[in-house]
Amino acid sequence: MKRRTIPLALVALVAACFLAIPALSQEDMTTIPDQGFAAHTRLPAVFNHDAHNEKAGISDCTTCHHGEKDGKRDPSQDTSGIPCSDCHTAAGKPGRTPLMRAFHEQCMGCHMAKKKGPVTCGDCHRPVK
Ligand code: HEC
Ligand code: HEC
Ligand code: HEC
Ligand code: HEC
């Protein structure tokens, strides 16, 4: 009789992957936990989630965590906790802002508009102090 068994090595690998994901919440986030990029060429951008938003005076989660309706951005839908990469892929899809641009536009867009917050590469992609 033929039996299909999942190789132990595979089980161990999958388990290791889950354990490798740090159990962090946005309260102690210091960099963006972007799982969406296949490779990294820069240090992860520094972003102390709650402290940043408090300092910047942003109380509405949908300022960053928007949703989607009919292929368009839905500013009223709160998607807090859902990774941006669920909708914005690194490679991009037709009519969809690719992941890196989505982050850059959102972060730098506001910093430039407010004339506050970093806008140069090394001020975001730097070691956490
Ligand atoms: C306001 C902060 C900010 C600034 C300024 C900024 N970035 Fe980013 N960048 C991000 C965020 C957030 C991401 C997505 C999450 C991550 O990789 O940390 C990102 C992602 C990237 C990525 C894709 C991921 C990787 O590591 O390869 C590259 C490349 C990149 N940035 C390059 C640059 C360059 C070059 C500049 C300057 C022209 C720059 N960034 C300026 C915030 C910033
Ligand atoms: C200035 C932009 C911004 C604002 C405002 C904001 N967030 Fe976030 N938040 C982010 C980014 C960026 C991430 C990382 C997304 C990713 O990994 O793709 C994130 C991640 C999260 C996560 C996931 C934490 C983790 O460890 O992965 C939760 C939960 C969250 N935010 C909740 C909230 C809530 C609740 C609010 C409103 C009180 C809020 N956010 C406001 C930008 C923001
Ligand atoms: C539920 C799906 C979804 C999630 C989650 C999501 N987006 Fe979007 N986003 C969209 C759609 C749809 C559009 C409109 C089409 C486009 O430009 O890609 C959009 C547009 C954008 C744009 C283009 C300019 C604008 O403001 O319209 C930026 C920048 C952006 N998103 C950044 C982000 C960031 C950063 C995150 C995570 C904090 C995020 N998005 C999470 C669906 C989503
Ligand atoms: C809606 C506006 C807005 C958005 C979106 C935004 N920021 Fe900011 N950010 C600010 C403001 C305002 C400040 C200046 C706060 C102060 O010092 O008064 C700031 C400051 C910062 C600083 C300086 C250190 C700190 O925490 O105060 C960093 C780093 C930073 N932002 C990273 C990011 C990254 C990365 C993103 C995208 C995920 C982002 N910001 C999105 C408004 C924004």
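Residues numbered from 1 in each chain as written. Chains lettered and ligands numbered in written order. Predicted model: local features only at pLDDT ≥ 70, side-chain atom pairs only at ≥ 80, totals over all residues. Heavy atoms only, no water.

- By the naming in an unreviewed UniProt entry, the protein chain is Cytochrome c class III, taken from Solidesulfovibrio fructosivorans JJ].

## Section: the overall build of the protein chain
Here is step 1 of the chain: The secondary structure content of the protein chain amounts to 4 helices and 2 strands.
Here is step 2 of the chain: Mapped from its N terminus to its C terminus, the protein chain presents α and β elements in the order α-α-β-β-α-α.
Here is step 3 of the chain: Within the protein chain, the proportion of its 129 residues that are buried is 16%.
Here is step 4 of the chain: Counting contacts in the protein chain only where the partners sit at least 6 residues apart, residues at least 24 apart contribute 33% of the total. (Helix = DSSP H or I, 4+ residues; strand = E, 2+ residues; numbered from the N terminus. Buried < 20%, exposed > 50% of the residue type's maximum accessible area, 1.4 Å probe, protein only. Contact = heavy atoms within 4.5 Å.)

## Some points on the coordination of the iron atom of ligand 2
Here is step 1 of the chain: Around the iron atom of ligand 2, the protein contributes the donor atoms His 49 (NE2) and His 65 (NE2), at 2.0 Å from the metal centre.
Here is step 2 of the chain: Around the iron atom of ligand 2 sit 6 donor atoms, and with donor-metal-donor angles ranging over 86 to 180 degrees the site reads as octahedral. You can see His 49 sitting in helix 2 (residues 49–56) and its partner His 65 sitting in the loop between helix 2 and strand 1 (67–69), a full 16 residues away along the chain.
Here is step 3 of the chain: For His 65, a relative accessible area of 21% puts it in the partly exposed group. (Donors = N, O, S within 2.8 Å, 3.2 Å for Na, K, Ca; no water. Tetrahedral: all angles 85-135°; square planar, octahedral: opposite > 155°, others 65-115°.)

## Let's talk about the site of ligand 1
Here is step 1 of the chain: If you check the shell around ligand 1, you find 21 residues, and the closest are Thr 41, His 104, Cys 121, Cys 124 and His 125.
Here is step 2 of the chain: Note that an oxygen atom of ligand 1 is positioned 3.2 Å from one of the side-chain N or O atoms of His 40.
Here is step 3 of the chain: Note that an oxygen atom of ligand 1 is positioned 2.7 Å from one of the backbone N or O atoms of Ala 45.
Here is step 4 of the chain: Put simply, the parts of the chain that give the shell around ligand 1 at least two residues each are helix 3 (99–114) and helix 4 (121–124).
Here is step 5 of the chain: Residue contributions to the shell around ligand 1 peak at 6 residues, all from helix 3.
Here is step 6 of the chain: Class assignment of the residues belonging to the shell around ligand 1 gives a composition of 13 nonpolar, 6 polar and 2 charged. (Near = heavy atom within 4 Å. Polar contact = N/O pair within 3.5 Å; in protein donor to acceptor, adjacent residues only side chain to side chain. Nonpolar A, V, L, I, M, F, W, Y, C, P; charged D, E, K, R; others polar.)

## Some words on the site of ligand 4
Here is step 1 of the chain: Taken together, 17 residues surround ligand 4, and among them His 52, Cys 107, Cys 110, His 111 and Pro 118 come closest.
Here is step 2 of the chain: The side chain of His 52 places a nitrogen or oxygen atom 2.8 Å from a nitrogen atom of ligand 4.
Here is step 3 of the chain: The side chain of Lys 55 places a nitrogen or oxygen atom 3.2 Å from an oxygen atom of ligand 4.
Here is step 4 of the chain: Among the secondary structure elements, those contributing two or more residues to the shell around ligand 4 are helix 2 and helix 3.

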